[in-house]
Amino acid sequence: MELLGLVGSVAAGLWLIGTGAFMALRPGRALHVLSLTASTRTINNLEQGLRLSAGLALLLRAHASKLPQTFEVAGWFIVLSSLVLLVLPLRWHAGYACWWADRLAPAAVRAVAPFSALAGLALIYVAA
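Described in the following lines is the structure provided in the data block. (Residues numbered from 1 in each chain as written. Predicted model: local features only at pLDDT ≥ 70, side-chain atom pairs only at ≥ 80, totals over all residues. Heavy atoms only, no water.)

### Observations concerning unusual backbone geometry
- We note that Ala38 has phi near 60°; this positive angle belongs to a residue other than glycine.
- Within the secondary structure, Ala38 sits in the loop between helix 2 (27-35) and helix 3 (41-61). (Helix = DSSP H or I, 4+ residues; strand = E, 2+ residues; numbered from the N terminus.)

In structure tokens:
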């Protein structure tokens with residue numbers, strides 16, 4: 001289980017790094033993808049399934065990580081928030097995503113992109 005937690009944590013870190021690169025290189029496209037969040041039940045279930053997997057990976061890796069309490073708190077937050085997003089009416093979740101996609105400027109997306117990449121690197125470092 002510990003190895004599964006490590007693999008899942010590293011995968012989540014790589015996802016954050018890739019997302020950061022996507023946001024930096026294609027901020028307009030990233031906003032379009034954001035607007036598609038929870039646009040269908042299938043997309044929502046896939047999104048939340050991936051988030052739930054990442055949260056579970058943090059929980060499985062918590063005791064072997066460099067920051068066990070942080071991993072545990074973050075893991076539970078991600079797991080519980082994913083479950084909430086699975087049962088919320090889809091129009092609420094999709095509406096919230098579209099609200100942000102309509103208001104954020106591509107320059108703002110590009111400006112926060114390095115934080116996603118740094119979070120991914122930190123996650124991998126702390127999990128290893």
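### Some thoughts on the pattern of salt bridges
- Scanning all chains against the criterion turns up 1 salt bridge.
- We note a salt bridge from Arg61 to Glu2, for which the minimum N-O separation is 3.4 Å. Linking Arg61 in helix 3 with Glu2 in helix 1 (residues 2-25), this pair joins segments that are 59 residues apart in sequence. (Salt bridge = Lys/Arg side-chain N within 4 Å of Asp/Glu carboxyl O.)

### With respect to the nonpolar core
- Counting residues in each nonpolar core, the largest one holds 8 residues, listed as Ala12, Ala54, Leu58, Ala62, Phe71, Leu123, Val126 and Ala127.
- Among the elements of the structure, helix 3 and helix 6 (106-127) are those that each provide at least two residues to this core.
- With 3 residues, the single largest contributor to this core is helix 6.
- The residues touching Ala127, leaving out its near neighbours within four places in the chain, are Leu6, Ser9, Arg61, Ser65 and Phe71.
- Grouped together as the second largest cluster of nonpolar side chains are 5 residues, Met23, Ala30, Leu31 and Ala113 included. (Core = buried A, V, L, I, M, F, W, Y, C linked by side-chain atoms within 4.5 Å. Buried < 20%, exposed > 50% of the residue type's maximum accessible area, 1.4 Å probe, protein only. Contact = heavy atoms within 4.5 Å.)

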